Amino acid sequence: ILDTAKTMKLIIQSGTKKTPHLQGKTVITLFYENSTRTRTSFELAAKYMSGNSVNISVSTSSVAKGETLIDTGRTLDVMGTDVIIIRHSMAGAPDLLAKHTNAAVINAGDGLNEHPTQALLDMFTVMEAKGDLNGLKVAIVGDILHSRVARSNIWGMTKMGAKVVVAGPPTLLPSHIKDLGVEAYTDIEKAVEDADVVMALRIQKERLEKGLFPSVSEYARFFGINENIVKKAKKDALIMHPGPVNRGVEITSALVDGDSSLIDTQVTNGVAIRMALLYLM
């Protein structure tokens, strides 16, 4: 997938942005949760390769009338759909859908479980900048407990030989996190020390309502990534964030827009990774 994405990025950067790879194929994005980057990049990926891309808004579909996921999948199947890209609030939903449809199914995020295409684009972005993941130290900071992005990155990056460390408030660190082969810190400075990559995760405001941390300003003070924190990392450390960014909360605007930031590059590479997936499937 990562190798194929290199070719796909050349297509994105070309003037035409059009290949015949998915000609005659139908790709449906079925999103039960909100999304800008993931959904749009999948739709563009299909269109760049001449596929027929259709987005289903769940709030205005028969799902709102009580239709089950399996029935929705069967309906799309008999319409001649080739690929269904699904985002769902329940872990395991893509697997369930795949068992009841002939279409290929791609997981665009399921509950607190996985977000594999985000991890793939993050891995691709780091490899593009550093040449290799093997031997790098990657610090992931934020709400690890609820982050499917963190889980997929931990599995993907450790598989490729990176050392992954995580940091966040004690209430936002899973009790089993060390079982995934990572080091966990509640001291952000220790986590980012000598890191090659510093990745911030979005803080979801609903966590505040559940009392998992006292306030946004307090989170920013103790766990927000700023210029002083980044000085603990290597001089050429990369700054990353899966988006959308709460500027001034999990990371400062100066770092988001700084020379070391690869946040915009991640978005571009997301299209390349998703083109690679659709091509291979």
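What counts and what doesn't
Residues numbered from 1 in each chain as written. Predicted model: local features only at pLDDT ≥ 70, side-chain atom pairs only at ≥ 80, totals over all residues. Heavy atoms only, no water. Axes fitted to C-alpha atoms, helices over the stretch in contact; angles between N-to-C directions. Helix = DSSP H or I, 4+ residues; strand = E, 2+ residues; numbered from the N terminus. Parallel < 35°, antiparallel > 145°, perpendicular 65-115°, else oblique. Left-handed = near helix turned anticlockwise from the far one by under 90°. Contact = heavy atoms within 4.5 Å. Nonpolar A, V, L, I, M, F, W, Y, C, P; charged D, E, K, R; others polar. Phe/Tyr/Trp six-rings, centres within 6.5 Å; stacked < 30°, edge-to-face > 60°. Buried < 20%, exposed > 50% of the residue type's maximum accessible area, 1.4 Å probe, protein only. Lys NZ or Arg CZ within 6 Å of the ring centre and 35° of its normal. Pairing = 2+ DSSP bridges. Polar contact = N/O pair within 3.5 Å; in protein donor to acceptor, adjacent residues only side chain to side chain. Salt bridge = Lys/Arg side-chain N within 4 Å of Asp/Glu carboxyl O. Right-handed = clockwise from strand over helix to strand, strands pointing away.

Asker: Would you mind showing me how to read the packing of helix α1 (residues 2-13) against helix α12 (residues 263-280) here?
Answerer: To describe two helices that pack against each other, one gives the angle between their axes and the distance between the axes. Where α1 meets α12, the axes come as close as 8 Å, and the angle between the chain directions of the two elements is 115 degrees. Considering their axes alone, α1 and α12 lie roughly perpendicular with respect to each other. For α1 against α12, the interelement crossing comes out right-handed. Contacts between α1 and α12 involve Leu2, Thr4, Ala5, Met8, Lys9, Ile11 and Ile12 on the former and, on the latter, Thr265, Thr268, Asn269, Val271, Ala272, Ile273, Met275, Ala276, Tyr279 and Leu280. Taken together, the residues of the contact of α1 with α12 break down into twelve nonpolar, four polar and one charged.

Asker: Explanation requested: the packing of aromatic side chains in the structure shown.
Answerer: How two aromatic rings sit relative to each other is set out by the distance from centre to centre and by the angle between their planes. Under the criterion given, the structure shown has two aromatic pairs. Consider the rings of Phe213 and Tyr219, whose centres lie 5.5 Å apart with planes at 50 degrees: the pair is tilted. Judged by relative accessible area, which is 5%, Phe213 ranks as buried. For Tyr219, a relative accessible area of 2% puts it in the buried group. Chaining the aromatic ring pairs together yields one cluster made of Phe213, Tyr219 and Phe223. Seen from the ring of Phe42, Arg274 lies directly overhead, with NZ or CZ sitting 5.1 Å from the centre.

Asker: So what exactly am I meant to see when it comes to the pairing of strand β2 (residues 52-57) here?
Answerer: On any regular strand, side chains alternate: one points to one face of the sheet, the next to the other face. Bridge count for strand β1 (residues 26-31) against β2 is six bridges, and the pairing is parallel. Within β2, the position partnered with Phe31 by the bridge is Ser57.

Asker: What should I look at first to understand the environment of Ala167 in this one?
Answerer: Within the fold, Ala167 resides in strand β6 (residues 163-167). For the pair Ala167 and Asp143, spaced 24 residues apart in sequence, the C-alpha to C-alpha distance is 8.4 Å. Setting aside anything within four residues of it in sequence, one finds Ala167 in contact with Ile140, Val141, Gly142, Ile144, Leu173, Tyr185, Ile188 and Ala191.

Asker: I would appreciate a short explanation of the side chain of His88 in the present structure.
Answerer: With respect to the helices and strands, His88 occurs in strand β3 (residues 83-88). A distance of 3.0 Å separates a polar side-chain atom of His88 from the backbone nitrogen of Met90. Setting aside residues no more than four positions away along its own chain, His88 makes contact with Tyr32, Glu33, Leu69, Ala93, Gly109, Asp110, Gly111 and Arg148.

Asker: So what exactly am I meant to see when it comes to the pattern of salt bridges here?
Answerer: Should the charged atoms of two oppositely charged side chains come close, the side chains can pair. In the structure shown here, the tally under the stated rule is eleven salt bridges. For the salt bridge of Glu128 with Lys9, the shortest nitrogen-to-oxygen distance reads 3.0 Å. Residue Glu128 is located in helix α5 (residues 116-130), and its partner Lys9 is located in helix α1; the two are separated by 119 residues in the primary sequence. The salt bridge involving Lys130 is made with Asp236; its shortest N-O contact spans 3.1 Å. Of this pair, Lys130 sits in helix α5 while Asp236 sits in the loop between α10 (227-230) and β9 (238-240), and the two are 106 residues apart along the sequence. For Lys130, a relative accessible area of 24% gives the class partly exposed.

Asker: What is the right way to look at the sheet that holds β3 in this model?
Answerer: Pairing between the strands of a sheet is mediated by backbone hydrogen bonds and can be parallel or antiparallel. The strand order across the open sheet formed by four strands is β2-β1-β3-β4, and the pairing between neighbours is parallel. Two strands close off the open sheet at either side, each with one partner strand: β2 and β4 (104-110). On average, each strand axis in the sheet is tilted by 15 degrees relative to the strand beside it, whichever way the strands run. When β3 meets β4, the two strands line up parallel, connected through five bridges. Pairing of His88 across the sheet is with Asp110, part of β4.

Asker: For this particular structure, what's the right way to read the pairing of β4?
Answerer: When you tally the buried positions in β4, you get six out of seven residues, the bulk of the element. With helix α4 (residues 93-99) bridging β3 and its parallel neighbour β4, the resulting β-α-β unit is right-handed.

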